[in-house]
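Chain by chain, the residues:
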Amino acid sequence: MYAGKARAYTNIALIKYWGKKNEQLILPMNSSLSLTLDAFYTETSVHFDETLTEDIFFLDGKKQNTKQTEKISNFLDLVRKRKNLSLFAKVDSQNFVPTAAGLASSASGLAALAGACSEALDLDLTETELSRLARRGSGSACRSIFGGFAEWQKGDSDQTSFAQMIPSDNWEDELAMLFVLVDDGVKDISSRDGMKRTVDTSCFYSGWLENVEPDLAAAKQAIKEKDFNKLGAITEANGLRMHGTTLAAVPPFTYWSPESLQVMQLVRSARQAGLPCYFTMDAGPNVKILVEKKNLTALKHFLADHLSEQKLITAYAGPGITLMPIERLEEL
Ligand code: ADP
Ligand code: DP6
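Note that the structure is predicted; figures quoted are calculated from it, not measured.

Each value, and the rule that gives it
- Residues numbered from 1 in each chain as written.
- Chains lettered and ligands numbered in written order.
- Predicted model: local features only at pLDDT ≥ 70, side-chain atom pairs only at ≥ 80, totals over all residues.
- Heavy atoms only, no water.
- Helix = DSSP H or I, 4+ residues; strand = E, 2+ residues; numbered from the N terminus.
- Buried < 20%, exposed > 50% of the residue type's maximum accessible area, 1.4 Å probe, protein only.
- Contact = heavy atoms within 4.5 Å.
- Expected span 1.5 Å × (residues − 1).
- Polar contact = N/O pair within 3.5 Å; in protein donor to acceptor, adjacent residues only side chain to side chain.
- UniProt positions renumbered as here; feature names shortened; annotations may be inferred.
- Near = heavy atom within 4 Å.
- Areas by Shrake-Rupley, 256 points an atom, 1.4 Å probe, with all protein chains shown as cover.
- Arc of directions from axis to C-beta.

*Asks:* Residues and numbers for the side chain of Asn295, please.
*Replies:* In this fold, Asn295 is placed in the loop between strand E12 (287-292) and helix H8 (296-304). A relative accessible area of 16% means that Asn295 is categorised as buried. Contacts of Asn295, omitting those with residues within four sequence positions, involve Leu275 and Pro276.

*Asks:* Describe helix H1 (residues 66-83), with residues and values.
*Replies:* Look at H1: 25 Å from first C-alpha to last across 18 residues, which is about the 26 Å you get at 1.5 Å a residue. Every buried residue of H1 is accounted for by Thr69, Ile72, Ser73, Phe75, Leu76, Val79 and Arg80. For H1, the elements touching its buried residues are strand E4 (32-49), strand E5 (56-59), strand E7 (88-96), helix H2 (105-120) and helix H3 (127-137). Put simply, Asn65 is the residue that caps the front of H1, since its side-chain oxygen is 3.2 Å from the backbone nitrogen of Lys67. Backbone geometry just downstream of H1 places Asn84 in the positive-phi region, at approximately 55°.

*Asks:* Summarise the UniProt feature "domain: Diphosphomevalonate decarboxylase-like N-terminal" (unreviewed entry) in the protein; cite the residues concerned and give the values.
*Replies:* Per the UniProt record, the feature "domain: Diphosphomevalonate decarboxylase-like N-terminal" (unreviewed entry) sits at residues 8-163. The distance from the first to the last C-alpha atom of residues 8-163 is 15 Å, and the span holds 29% helix and 34% strand.

*Asks:* So what about the site of ligand 2? Which residues, and what values?
*Replies:* With respect to spatial proximity, 17 residues lie near ligand 2, and among them Tyr17, Lys20, Ser138, Gly139 and Ser140 are the closest. With respect to ligand 2, the side chain of Tyr17 contributes an N or O atom lying 2.6 Å from an oxygen atom. Measuring from an oxygen atom of ligand 2, one finds a side-chain N or O atom of Ser106 at 2.8 Å. Relative to its free-state accessible area of 460 Å², ligand 2 is covered by the protein chains to the extent of 94%. Here the shell around ligand 2 gets three residues from one element, more than from any other, and that element is helix H4 (residues 191-201).

*Asks:* Explain helix H7 (residues 258-272) to me, and be specific about the residues and the numbers.
*Replies:* Here H7 is 15 residues long and its end C-alpha atoms lie 21 Å apart, about the 21 Å a rise of 1.5 Å per residue gives. Within the span of H7, buried status applies to Ser260, Val263, Met264, Leu266, Val267 and Ala270. All buried residues of H7 fall inside an arc of 155° around its axis, so they share one side. Exposed side of H7, more than 90 degrees from the buried face: Pro258, Gln262 and Gln272 are the residues found there. Where the residues of H7 are buried, they touch strand E10 (175-180), helix H6 (228-247), strand E11 (277-281), E12 and H8. Phi turns positive one or two residues past the end of H7, at Gly274, with a value near 95°.

As C-alpha cells, then:
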C-alpha cells in the first residue's frame, strides 16, 4: 500500500486560459496568469492498494460514476507509468468549493490529486515538475501549485508548459477577491467542452488570441508597478473578451445569467462612485470582484443595497500546495 494526501487551493485567472492546442497533453493556446485564493480548496488522499480490483473515486463522500472515475484513472495511469506500478487506487477527495460551478474546483481538485500521488509514490518532484503533472489533469491546476500570483507559460511541449510564481513583493497581500455567488449548481457546459467548442467553431477566437499575450504582458507590468487600476482594467477586459468568444461558437452559448450582468453593472457603478474594483468571470455565472483590501468594507456596503450578504464570499491571496504524509492526515 502506498498512500499520500495533499491540499491545494483554487486559483482565479486574471488573464484566462481558453483553448488547447494539444488536448491529450493539455498544452494551451495561450499563457495565463492567476491569483491563488485562501477561501476555496480541495483535500485529496490516494491509496494504491493491492486488494483493489479497479480504481475508485469518492468525491465529498460519494462514489463517482464511470465517466468521472475514468478521468481520474487516466491521470493515475500517468503516475503509475512513471513508477512502473500496476496497483489500482482509491481516491478520496473533499471539495471545500462548489464542484463544477465556475469556481475553479478543477484547479484545486486536480492539483490536490497530483500532490497526493506524488506524496504516495515518493515522486520527489520539484515545483515545476509537479506543476507539469497537475497540468495533465486540468490545465488551470498547474497554477494551483503556487501561492499568490502565478503565470502558466504555454510552452510548446510537455516539458516547457508549466506555471511559476510571479515575483510581486507580496503585493497580493493587499488585495482581496469578493465572490458573488449567483448560482453554485453544476454548469451545463464544462470548461473543457466550452473551450473546445470555441476553438473549433468561433470566428471570434482569433481575436482572443491576438490580444491575450499583450494583456499578459500588461498584467505583469501592473503587478511589478503595484498598479491596482491597471491590473483591474486588464483583468476585466480580458475576461469579457474570453466570454465574447462563446457568443460566436456554433452552436453559440454563454456562461452568463441575467444576474451575472446585474452584478457586472453594479461593479461599474461602484467604480463610477469612486470605488476602484473590477470583475472577472470563469466558465460559470458567478462573478468575482478584484478589490484592494482597504476598500473591501466600502464595496460590501455598496453591494449590500442590491444583494443579499449571503451571496458574498471574501477571499484573500492563498498559499501553494501542501503535501502530507498519510500519518499526518488527521492533524489538519
Ligand atoms: P470548475 O469551474 O469547478 O473548475 P470545470 O468544468 O472546469 O468546473 O471542472 C469540473 C470538473 O473537475 C469536475 O466535473 C471533475 O471532473 C473535476 N473535479 C472537480 N473537483 C475535483 C476533485 N476534488 N477531484 C478530482 N476531480 C475534480
Ligand atoms: C475559464 O483548467 O478547468 O477557468 O484544462 O480542460 O481541465 P481543462 O480546463 P480548466 O479550464 C479553466 C478555464 C477558465 C480560465 C482559467 O482558469 O484560466
